[in-house]
Amino acid sequence: LLKTDLLLFYDNFVEFHDYCSFMCDAFASLALGEDGLDTSTATGACRFCHWIKHPIQQLKEDLKRIHEMAGM
């Protein structure tokens, strides 16, 4: 099961990485804009940041479990 768990973790990590990359690019673009953030954009950014915390916590727990399974 270790190989399966590692493959699943990798897939989840890659997906999360893509979300983080998007968020970084989006915030950089917004920061470079002259108009600043309107209320709806700021609200959406806050919600996205809050949402993204859940997957990273799950990845952390999965990695700990895989680490324990490997006897490390």
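Please refer to the structure higher up on the page.
Given the structure is predicted, the values throughout are model-derived calculations rather than measurements. (Residues numbered from 1 in each chain as written. Predicted model: local features only at pLDDT ≥ 70, side-chain atom pairs only at ≥ 80, totals over all residues. Heavy atoms only, no water.)

A closer look at the overall build of the protein
Along the backbone of the protein there are two helices and zero strands. Relative to the globule expectation of 11 Å for 72 residues, the C-alpha radius of gyration of the protein, 17 Å, shows a markedly less compact shape. Reported as C-alpha extents along the three principal axes, the dimensions of the protein are approximately 55 × 15 × 15 Å. For the protein, the residues scored as buried account for 12% of the 72 residues in total. Partitioning the intrachain contacts of the protein with sequence separation of at least 6 by distance along the chain shows that 87% fall at a separation of at least 24. When the accessible surface of the protein is split by element, carbon and sulfur atoms take 63% of a total near 5,900 Å². Within the protein, the 11 negative side-chain charges are centred at a point lying 12 Å from the centre of the 6 positive side-chain charges. (Helix = DSSP H or I, 4+ residues; strand = E, 2+ residues; numbered from the N terminus. Rg over C-alpha atoms; globule rule 2.2 N^0.38 Å. Buried < 20%, exposed > 50% of the residue type's maximum accessible area, 1.4 Å probe, protein only. Contact = heavy atoms within 4.5 Å. Areas by Shrake-Rupley, 256 points an atom, 1.4 Å probe, with all protein chains shown as cover. Lys, Arg positive; Asp, Glu negative; His and termini not counted. Charge placed at Lys NZ, Arg CZ, Asp CG, Glu CD.)

Focus: the packing of aromatic side chains
One pass over the full model with this rule turns up five aromatic pairs. Note on F9 and F13: the rings are 6.5 Å apart at their centroids and 20° apart in plane angle, and the pair reads as stacked. Separated by four residues within a single helix, F9 and F13 lie in helix 1 (residues 2-32), roughly one turn from each other. Under the relative-accessibility criterion, F13 is labelled partly exposed at 40%. For the pair F48 and W51, a centre-to-centre distance of 5.6 Å together with 35° between the ring planes defines the contact as tilted. Residue F48 and its partner W51 are both found in helix 2 (residues 39-69); the two are separated by three residues, about one turn of the helix. (Phe/Tyr/Trp six-rings, centres within 6.5 Å; stacked < 30°, edge-to-face > 60°.)

Observations regarding helix 2
The terminal C-alpha atoms of helix 2 lie 46 Å apart, and with 31 residues this matches the ideal 45 Å at 1.5 Å per residue to within 8%. For helix 2, the full list of buried residues reads A45, I52, L59, D62 and I66. Trailing helix 2 by a residue or two, G71 shows a phi angle of about 75°, which is positive. (Expected span 1.5 Å × (residues − 1).)

That is the geometry; function is a separate question.
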